[in-house]
Amino acid sequence: MKMTPFAKKVYKATLNIPLGQVRTYKWVAKKAGRPKAVRAVGQILKRNPFPFFIPCHRVVSSDGKTGGYAFGQKRKKELLNLERLIRKSVV
């Protein structure tokens, strides 16, 4: 699968979001080196080829809303809640 250098940076930044935590699309854009490319980050994460390995569900909107998710917003919220519970039990 062909991927742009920016997409690779987006996925790498997303991989660095700790379990049970979230970051904004803006944060990912900044980490990927293009702080104004917030919408591009959303489009890249929408096409995440490995959603079970690259935790795109940990990326949320700056206004606190969950944002989109390929498997639906309900599933995204469930995953985030599950990860928070796991994190609490480990830490």
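Everything that follows concerns the structure shown earlier in this document.
Source: prediction; values computed, not measured.

Student: I'm lost on the nonpolar core in this one. Help?
Tutor: One broad trend across soluble globular proteins is that nonpolar side chains are buried collectively. Membership of the largest hydrophobic core comes to 18 residues, with the highest contact counts inside it found for Phe6, Val10, Val41 and Leu45. Of all the elements in the fold, those that place two or more residues in this core are α1 (5-15), α2 (25-31) and α3 (38-46). Looking at this core element by element, the count peaks at 5 residues for α1. If near-sequence neighbours (up to four positions away) are discounted, valine 10 is found in contact with Val28, Ala32, Val41, Ile44 and Leu45.

Student: For this particular structure, what's the right way to read the pattern of salt bridges?
Tutor: Between side chains of opposite charge, pairing is possible as soon as their charged atoms come close. In this structure the tally under the stated criterion is 2 salt bridges. Residue arginine 58 pairs with glutamate 83 through a salt bridge whose shortest N-O separation is 2.8 Å. One end of the pair, arginine 58, is in the loop between α3 and β2 (59-60); the other, glutamate 83, is in helix α4 (residues 73-90), and 25 residues separate them in sequence. Here the two residues arginine 58 and glutamate 83 agree in accessibility, since each one is buried. The residue glutamate 78 makes a salt bridge to arginine 75 at a minimum N-O spacing of 3.2 Å.

Student: In this structure, what is going on with a nonpolar patch on the surface? I would like to understand it.
Tutor: On the surface, a nonpolar cluster with roughly 700 Å² of combined accessible area is contributed by Met1, Phe50, Phe52, Phe53 and Phe71. Among the secondary structure elements, phenylalanine 71 is positioned in the loop between β2 and α4. A relative accessible area of 44% places phenylalanine 71 in the partly exposed class.

Student: Even after reading the chapter, I still don't get α1, so can you show me in this structure?
Tutor: A turn of α-helix holds 3.6 residues, and therefore any two residues three or four places apart point the same way. All buried positions along α1 are accounted for by Phe6, Ala7, Val10, Tyr11, Ala13 and Thr14. For α1, the arc enclosing every buried residue in end-on projection is 160°, short of the 170-degree limit, so these residues lie on one face. Facing away from the buried surface of α1 by more than 90 degrees, the exposed residues are Pro5, Lys8 and Lys12. Those residues of α1 hidden inside the fold are in contact with α2, α3 and β2.

Student: Even after reading the chapter, I still don't get the packing of aromatic side chains, so can you show me in this structure?
Tutor: Each aromatic ring pair is specified by the distance between its two centres and by the angle formed by the two planes. One pass over the structure, following the stated rule, counts 2 aromatic pairs. A centroid spacing of 5.8 Å and a plane angle of 35° characterise the contact between phenylalanine 52 and phenylalanine 71, whose relative ring orientation is tilted. Taken together, the positions of phenylalanine 52 in the loop between α3 and β2 and phenylalanine 71 in the loop between β2 and α4 put the pair 19 residues apart, joining distant regions of the chain. The side chain of arginine 23 reaches across the aromatic face of tryptophan 27, ending 5.4 Å from its centre.

The rules behind these values
Residues numbered from 1 in each chain as written. Predicted model: local features only at pLDDT ≥ 70, side-chain atom pairs only at ≥ 80, totals over all residues. Heavy atoms only, no water. Core = buried A, V, L, I, M, F, W, Y, C linked by side-chain atoms within 4.5 Å. Buried < 20%, exposed > 50% of the residue type's maximum accessible area, 1.4 Å probe, protein only. Helix = DSSP H or I, 4+ residues; strand = E, 2+ residues; numbered from the N terminus. Contact = heavy atoms within 4.5 Å. Salt bridge = Lys/Arg side-chain N within 4 Å of Asp/Glu carboxyl O. Patch = residues over 30% accessible without salt bridge, like charges linked within 9 Å, V, L, I, M, F, W, Y side chains within 5 Å. Areas by Shrake-Rupley, 256 points an atom, 1.4 Å probe, with all protein chains shown as cover. Arc of directions from axis to C-beta. Phe/Tyr/Trp six-rings, centres within 6.5 Å; stacked < 30°, edge-to-face > 60°. Lys NZ or Arg CZ within 6 Å of the ring centre and 35° of its normal.

Just distances and angles here, no functional claims.
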